[in-house]
Amino acid sequence: MRRSLTVALAVALLASTLTTMSAAADLSSADFVDPLVGSAGDGNTYPGATAPFGMLAWSPTSTRGDQTSTGAANGYQYDVTRLRGFSLTHVNGAGCNPGAAGDVPILPFAGDVTSSPSADTADAVYASNFTHADEAATPGRYRLGLQNGVTTDVAATERTAIGTLSYPQGKPASLLFRTSNSLNGSEDAETHLDAANRRVTGSVLTGAFCGRRANGGVNNRKSYYRLYFTAQFDQPVTGTGTWKDATLQPGGTDQTGGEGYATGKDRAGRGSGGYVTFAPGSQVTMRIAISYVSLEGAERNLRAEQPEKSTVDSVAGKTKKAWNTELDRVQVTGGTANQRITFTTALYHSLQQPNLVSDVDGQYLGMDQRPHRVERGQDAQYSNFSGWDQYRAQVQLLALTEPRVAGNFAQSLYNYAKQNDGVWDRWVHVNGATHVMTGDPSAATIATFYAMGVRNFDYRGAFDSLYKQATVPRPEGLQDGGCPGQCVGQRPNLAQYVVSHYAPNDVCHCWGGAAETLEDSVADSALGQFADMLGRTREAAELRARGAYWRNVFNPGTGYAQARNVDGSWVTPFDPASDRGFAQGSAAAYTWMVPQDVQGLADAMGGKTTAVTRLDGFFHDASGNWQLKGGGPLKYDPTNEPDIHAPWLYNELGQPWKTQETVRQLVNSVYGTGPSGLPGNDDLGTMSAWYVFAALGVYPRTPGSGELLLSSPLFPGAVIRPAGGAPIRITTSGRGKYVQDVRRDGRPQRDWKVDASFLRGGSLDFRLSETPATWGS
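Residues numbered from 1 in each chain as written. Predicted model: local features only at pLDDT ≥ 70, side-chain atom pairs only at ≥ 80, totals over all residues. Heavy atoms only, no water.

**Q** Any chance you could explain the overall build of the protein here in plain terms?
**A** What the protein contains, in helices and strands, is 18 helices and 35 strands. Here the protein has a C-alpha radius of gyration of 26 Å; the compact-globule value for 777 residues is 28 Å, and the two agree. Across its three principal axes, the protein shows a C-alpha extent of roughly 75 × 60 × 50 Å. For the protein, long-range pairs separated by at least 24 residues make up 71% of all intrachain contacts whose partners lie at least 6 apart in sequence. A total accessible area of about 25,000 Å² is found for the protein, and carbon and sulfur atoms account for 48% of it. Taking the 67 positively charged and 73 negatively charged side chains of the protein as two groups, their mean positions are separated by 4 Å. (Helix = DSSP H or I, 4+ residues; strand = E, 2+ residues; numbered from the N terminus. Rg over C-alpha atoms; globule rule 2.2 N^0.38 Å. Contact = heavy atoms within 4.5 Å. Areas by Shrake-Rupley, 256 points an atom, 1.4 Å probe, with all protein chains shown as cover. Lys, Arg positive; Asp, Glu negative; His and termini not counted. Charge placed at Lys NZ, Arg CZ, Asp CG, Glu CD.)

Right, here's the structure in full:
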């Protein structure tokens, strides 16, 4: 196992000392991906096997000695080298611990099962240590040698996996299905063991996204999906057994029982599952598939995606080819090996989601808990929408590289809204409305897709639905269930909002009135641009006006965004470092979150010169040193979504060279290779997408627009090949991080932005210098 890391990746890592990539020209894009990037600290990525946009992800569920927790968000933390199984579903980079999914942990165990695994509440017996020397992760394949003597080698397709489980000689060979032990617990589970047919089937009824978190967790401890699985083996099953809570049933074949959604001692010891045994020393090939619709759906998925002669190698090769197809959408040349690994891995993480939730026959579980079939013209149903995070960068990268997937995703979100009484939820997990975060990110997302040329969805129906959500109050908007963090109202207290022209902090039923106002202003501005493109002039004018409501929470007296009460008074005492009135961020950070009206924000601050001086202070200390991570609530935080647009504001403030130097400093100092290579939660590809854009030297100007802001590219060359579209070429000449001049399609480009027509194909040629230039100012 220590030698199992692929030759290609080993060459790439060895090449990191080179200054160019000529020695690694024969490597494919997937060979530059390190799935372990972001798995340490707060990156919350997972290293396991998954296909692009895959439903299934085979990856470890770790343990620190508490069976009701993983000690890591989303199942894996690099410094935790003990696991209680490999789970079938994972979410990339969600911020709460535990996050979501982690369904059906499966543990290869070299020993006899003599007690109930659910009674092993400290994971002292039915778990195994491992070392990273025995771990190899590549796109679509994950291999791990356990200290209990079992080695695993698993490859994934979109909805299935195939793996070789090699048991040591002279020891019992057991395989545990901890069916009820999803990351957040479960309401119910069932396990069925069929020794004669070498098969295990079952399901788990679960959900409870972020169920452990204090703000809204109790409100969200509910079930919203049932995951079905079928596992088949190529070796004879020599024994079976089941368990429920503390009771073990050797020889048992059927069992049910969930764990509930409590934590710690209130859940420990509960749950059900089953195990099968094989002959000692067996090498077992396991084929497994999942479905959110039915067991029959899982079986159809298995037959469709794994032909009878499939092997781990053949499936891994096919999935690697699929990953290369996606990663080749954006190819860079030049740079160091480490830069290439950082860039390609960021692209990999960006394109792990949205995730398929429909079966091969087009069926999926709706938000109304009923089976549905994809709409006419829709290829598949997708989910896992981290809206508050993704609308700022990840959805733009998706629309740029995979516009058809973006359209399918847009239709998927609209389908869910129709099944949810017209409500577009902020954070959709599988088919569940979790209500996480604030604002109306669906409006910003769908408007952005349309602005970037995505058309393969019912965009007129989607606009009408989003407009209704933005203008017609609903009773849940007056509820405080789940607040803060998971407030059930998607446009909370909308009736008061349209009267006050801001969200009053004392009656908003939201997670911070100032944050809600700023978020809704971005959403309404984007929706207004959407309306304008559809020829809906009345709605466009109304929504554009609402896009300026941010002004009503900008306090000229303090110079910051600040929460207000319903009577118009400012919420006091005020401290720009405080999050009072905001959601996961300070007033100092949120004040800059006006991408739709940067000139207006500058005017409110006293002009561009004042705004630039203040922005300088956001990124530097009093001595002019960079403060790009860990500088406190008054400084820039690259891990926090409301901040990530700020480096690009210098373009519109007349000093684009400062965007160039700030973005380059972030690219070089905050992102990198290895497990600590991400600054914070990847948030379903958001932070990775930011890096991809930054390294290319372009960035989305504002939601609802197809315009791109310009900076200095990191690589000498890049080609973006959108699926079904014309290529976009970006080249650089000269040295340094400052833009001397730019030519678009051979003609001088004097502006710091390009319009949406550039997305249809073209070229940008940058000439760089080592000193600031006046280009674009």
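Further notes follow.
**Q** How do you make sense of unusual backbone geometry when you look at a structure like this?
**A** Across the junction of Asn97 and Pro98, the peptide omega takes the value -10°, indicating a cis bond. Geometrically, the link from Thr572 to Pro573 is a cis peptide bond, its omega value of -5° lying close to zero. Within the secondary structure layout, Pro573 lies in the loop between strand 27 (560-561) and helix 13 (587-590). The residue Val430 is not glycine, and still its phi comes out positive at about 55°.

**Q** Explain the pairing of strand 4 (residues 106-109) to me, please; I cannot follow it from the model alone.
**A** The two faces of the sheet receive side chains in turn, since in a regular strand these alternate between them. Of the two faces of strand 4, both are covered, the one formed by Ile106 and Pro108 as well as the one formed by Leu107 and Phe109. Of the pairings in the sheet, the one linking strand 4 to strand 9 (residues 173-177) comprises four bridges and is antiparallel in character. Bridge assignment links Leu107 to a residue of strand 9, and that residue is Leu176. (Buried < 20%, exposed > 50% of the residue type's maximum accessible area, 1.4 Å probe, protein only. Pairing = 2+ DSSP bridges.)

**Q** What should I look at first to understand the sheet that holds strand 34 (residues 753-754) in this one?
**A** Backbone hydrogen bonds are what pair the strands of a sheet, in a parallel or an antiparallel way. Spatially, three strands are ordered 28-29-34 in an open sheet, and the strand pairing comes out antiparallel. Looking along the sheet, the strands with just one partner apiece sit at the ends: strand 28 (698-700) and strand 34. Two strands pair when backbone bridges link them, and strand 28 and strand 29 (residues 708-710) are joined in this way by three bridges, in the antiparallel orientation. From the neighbouring strand, Val698 faces strand 29, where its bridge partner is Leu710.

**Q** Please explain the state of the cysteines as it appears in this structure.
**A** Each disulfide consists of a covalent bond between the sulfur atoms of two cysteine residues. Tallying each qualifying case throughout the model produces three disulfides. In this model Cys96 forms its disulfide with Cys210; the gap between the sulfur atoms is 1.7 Å. Sign of the S-S torsion, about -80° for the bond between Cys96 and Cys210, identifies this disulfide as left-handed. You can see Cys96 sitting in the loop between strand 3 (82-87) and strand 4 and its partner Cys210 sitting in the loop between strand 11 (199-207) and strand 12 (223-233), a full 114 residues away along the chain. Accessibility assignment for this pair places Cys96 and Cys210 in one class, buried. In this model, Cys483 is linked to Cys487 through a disulfide, with the two sulfur atoms separated by 2.1 Å. Because the torsion about its S-S bond is 140°, the bridge between Cys483 and Cys487 counts as right-handed. Taking relative accessible area as the criterion, Cys487 reaches 2% and is therefore assigned buried. In the protein, numbering the disulfide-bonded cysteines from first to last in sequence yields the connectivity 1-2, 3-4, 5-6. (Disulfide = S-S within 2.5 Å.)

**Q** Where do I start with the nonpolar core in this structure?
**A** Burial of nonpolar side chains together is a common tendency in soluble globular proteins. Membership of the largest hydrophobic core comes to 200 residues, with the highest contact counts inside it found for Leu175, Phe177, Phe233, Ile446, Phe449, Trp690 and Leu696. Discounting chain neighbours no more than four positions away, the residues touching Leu696 are Val330, Val332, Phe343, Pro713, Ala718, Ile720 and Ile730. Counting residues in hydrophobic clusters, the runner-up holds six residues, among them Leu494, Tyr497, Cys510 and Tyr549. (Core = buried A, V, L, I, M, F, W, Y, C linked by side-chain atoms within 4.5 Å.)

**Q** Is there a simple way to explain the packing of helix 8 (residues 441-451) against helix 11 (residues 513-533) in this structure?
**A** Packed helix pairs are characterised by how far apart their axes lie and by the angle those axes make with each other. Taken N-terminus to C-terminus, the directions of helix 8 and helix 11 make an angle of 35°; their axes are 8 Å apart at the nearest point. For the crossing formed where helix 8 meets helix 11, the hand is left-handed. Taken together, the residues of helix 11 that come into contact with helix 8 (itself represented by Ala443, Ala444, Ile446, Ala447, Tyr450 and Ala451) are Ala523, Ala526, Leu527, Phe530 and Met533. Its residues assigned to classes, the contact of helix 8 with helix 11 comprises 11 nonpolar, no polar and no charged. (Axes fitted to C-alpha atoms, helices over the stretch in contact; angles between N-to-C directions. Left-handed = near helix turned anticlockwise from the far one by under 90°. Nonpolar A, V, L, I, M, F, W, Y, C, P; charged D, E, K, R; others polar.)

**Q** Sorry, what's going on with the sheet that holds strand 32 (residues 738-744) here?
**A** Within the open sheet, the six strands sit side by side as 18-30-31-35-32-33. Their pairing is mixed. Every other strand in the sheet has two partners, leaving strand 18 (330-333) and strand 33 (747-748) as the edge strands with one partner each. Bridge count between strand 30 (residues 717-720) and strand 31 (residues 728-734): four bridges; the pairing is antiparallel. Its bridge partner lying in strand 31, Ala718 is registered against Ile730.

**Q** Can you help me understand the environment of Arg221 in this one?
**A** The topology assignment puts Arg221 in the loop between strand 11 and strand 12. A residue is classified by how much of its surface remains accessible, and Arg221, at 28% relative accessible area, is partly exposed. It is 4.4 Å that separates the C-alpha atoms of Arg221 and Ala208, two residues lying 13 residues apart in sequence.

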